[in-house]
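Below are the chains, spelled out letter by letter.
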Amino acid sequence: SAPDLEATPEVVHDVAQLVRRLDGLPLAIELAASRVGVVSLATLRDRLDDRLDLLRSHHRRGPARHQTMVDTIDWSYDLLDEDHRRALRWLSVFSGPFDLDTAEAVLGPDSTEHVLGLVERSLLVRPAATQGGYRMLETVRAYARALLDDVERQEVGLAHAKWAADAAAAGRVGMAGPDAGWWTERVEALLPELAHVVSRALDTGQVEEATRIVSDLFTWAESRVRPDVMVWGRRLVDSGHA
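Treat the numbers as computed from the prediction; the structure is a model and nothing was measured.

### Section: the overall build of the chain
Logical step 1: Each helix and strand counted, the chain has 13 helices and zero strands in total.
Logical step 2: A buried classification covers 41% of the 242 residues belonging to the chain.
Logical step 3: Residue pairs in contact within the chain that sit at least 24 positions apart in sequence constitute 65% of those at least 6 positions apart.
Logical step 4: Element-wise, carbon and sulfur atoms account for 53% of the exposed surface of the chain, whose accessible area totals about 13500 Å².

Set out below in structure tokens:
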């Protein structure tokens, strides 16, 4: 695709980032490689948020496996019943791993079987045997998020934000109690997801739950000198919503 490309340290670094962000999926990597002849590695890397369009094959005579990543995921999605389809769409709201209790907080009660069904169909990655949570491959996440209409996107966003605010509140109480060490680790692990919720709230102007999160974690962040968390409050104030 790009015969003049040299394996400099910078190129190797960019390629490694691309492979990680493509979840190591052979088809996705092959499609990405085919695009290097028409866009730079840096462009490909920076525009992967639009990965389903960017990786779509534009070679009419190419092999069937090159036609589109969407077709591959479409086939799996079409085999699901509506409950599992909804679960896949709604779980795409998470930016990172989640456990079954967290999934139920967003999907609703009695949804565990839907999560496990998606794992069995390889649409979710199972956690390690001893720790960790379920997670969605980035390519699948982009596909599932694209299926959310405006109403559903608002509904799942609110459910996700409520879970995050409740988790921050539980963390505040827990870190002041006898199990402070465990709760501190719990809050640390949740910070990327909470940051995602706060950022989305600022983008949409729906900041009620984000304000709860900032309020519950600010004292902890101040005592631990965590400017990455303390800045959430400043962003809320600057946005004019707090």
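### Some words on unusual backbone geometry
Logical step 1: The phi torsion at Ser 122 lies on the positive side, around 65°, for a residue other than glycine.
Logical step 2: Overall, Ser 122 belongs to the exposed group, its relative accessible area being 59%.
Logical step 3: Residues other than glycine seldom take positive phi values, yet Val 225 does so here, at roughly 55°.
Logical step 4: In this structure, Val 225 sits in the loop between helix H12 (208–223) and helix H13 (227–239).

### A look at helix H6 (residues 82–91)
Logical step 1: Among all positions in H6, only His 84, Ala 87, Leu 88, Arg 89, Trp 90 and Leu 91 are buried.
Logical step 2: Where H6 begins, the capping side chain belongs to Asp 81, and its oxygen is found 3.2 Å from the backbone nitrogen of Asp 83.

### Section: the packing of aromatic side chains
Logical step 1: Tallied over the entire structure, the rule returns five aromatic pairs.
Logical step 2: An angle of 75° between the planes, with centres 5.8 Å apart, marks the rings of Phe 94 and Trp 163 as edge-to-face. Of the two residues, Phe 94 sits in the loop between H6 and helix H7 (100–107) while Trp 163 sits in helix H10 (residues 150–175), which places them 69 residues apart along the sequence. Accessibility assignment for this pair places Phe 94 and Trp 163 in one class, buried.
Logical step 3: Ring centres of Phe 98 and Tyr 134 lie 6.5 Å apart, and the angle between their planes is 35°; this geometry places the pair in the tilted category. Of this pair, Phe 98 sits in the loop between H6 and H7 while Tyr 134 is found in the loop between helix H8 (112–120) and helix H9 (138–146), placing the two residues 36 residues apart along the sequence.
Logical step 4: One aromatic cluster is present, formed by Phe 94, Phe 98, Tyr 134 and Trp 163 through successive ring pairs.
Logical step 5: Its end group placed over the ring of Tyr 77, Arg 85 keeps NZ or CZ at 5.2 Å from the ring centre.

### A short note on the nonpolar core
Logical step 1: In this structure, Leu 88, Leu 91, Ile 213, Leu 217 and Trp 232 are the most contacted members of the largest nonpolar core, which totals 53 residues.
Logical step 2: Residues Leu 18, Ala 28, Ala 32 and Leu 44 belong to the second largest nonpolar core, which totals eight residues.

### Thoughts on the packing of H6 against H10
Logical step 1: Closest axis-to-axis distance for the H6/H10 pair is 10 Å, and the angle between their directions is 65°. In terms of orientation, H6 lies roughly perpendicular with respect to H10. The two elements H6 and H10 cross, and the hand of that crossing is right-handed. Contacts from Arg 86, Arg 89 and Trp 90 in H6 reach Glu 152, Glu 155, Val 156 and Ala 159 in H10.
Logical step 2: Here the contact of H6 with H10 is composed, by residue class, of three nonpolar, no polar and four charged.

### Some remarks on the confidence of the model for the chain
Logical step 1: Put simply, the chain has an average pLDDT of 84, and 87% of its residues get 70 or more.
Logical step 2: Predicted confidence in the chain is weakest over helix H4 (residues 51–54), with a mean pLDDT of 55, and strongest over H6, with 96.

### Considering H8
Logical step 1: Taken together, the buried positions of H8 are Val 115, Gly 117, Leu 118 and Val 119.
Logical step 2: Of the surrounding secondary structure, the elements contacted by the buried residues of H8 are H6 and H7.
Logical step 3: Of the residues trailing H8, Ser 122 is marked for its positive phi of about 65°.

### Describing the pattern of salt bridges
Logical step 1: This structure, assessed with the given rule, holds eleven salt bridges.
Logical step 2: A salt bridge links Glu 138 to Arg 141, with the shortest nitrogen-to-oxygen separation between them at 3.2 Å. You can see Glu 138 and its partner Arg 141 sitting in helix H9, three residues apart, about one turn around the helix.
Logical step 3: We classify Arg 141 as buried; its relative accessible area is 5%.
Logical step 4: Among the ionic pairs, Arg 226 bridges to Asp 228, the shortest N-O distance being 2.7 Å.

### Quick look at the packing of H12 against H13
Logical step 1: At a minimum axis separation of 8 Å, H12 and H13 run at an interaxial angle of 140°. As judged from the angle between their axes, H12 and H13 are oblique. Between H12 and H13 the crossing geometry is left-handed. Across the interface between the two elements, Ala 210, Thr 211, Ile 213, Val 214, Leu 217, Phe 218, Trp 220, Ala 221 and Glu 222 from H12 touch Val 229, Met 230, Trp 232, Gly 233 and Leu 236 from H13.
Logical step 2: Its residues assigned to classes, the contact of H12 with H13 shows eleven nonpolar, two polar and one charged.

Definitions and limits used
Residues numbered from 1 in each chain as written. Predicted model: local features only at pLDDT ≥ 70, side-chain atom pairs only at ≥ 80, totals over all residues. Heavy atoms only, no water. Helix = DSSP H or I, 4+ residues; strand = E, 2+ residues; numbered from the N terminus. Buried < 20%, exposed > 50% of the residue type's maximum accessible area, 1.4 Å probe, protein only. Contact = heavy atoms within 4.5 Å. Areas by Shrake-Rupley, 256 points an atom, 1.4 Å probe, with all protein chains shown as cover. Polar contact = N/O pair within 3.5 Å; in protein donor to acceptor, adjacent residues only side chain to side chain. Phe/Tyr/Trp six-rings, centres within 6.5 Å; stacked < 30°, edge-to-face > 60°. Lys NZ or Arg CZ within 6 Å of the ring centre and 35° of its normal. Core = buried A, V, L, I, M, F, W, Y, C linked by side-chain atoms within 4.5 Å. Axes fitted to C-alpha atoms, helices over the stretch in contact; angles between N-to-C directions. Parallel < 35°, antiparallel > 145°, perpendicular 65-115°, else oblique. Left-handed = near helix turned anticlockwise from the far one by under 90°. Nonpolar A, V, L, I, M, F, W, Y, C, P; charged D, E, K, R; others polar. pLDDT = per-residue confidence, 0-100. Salt bridge = Lys/Arg side-chain N within 4 Å of Asp/Glu carboxyl O.

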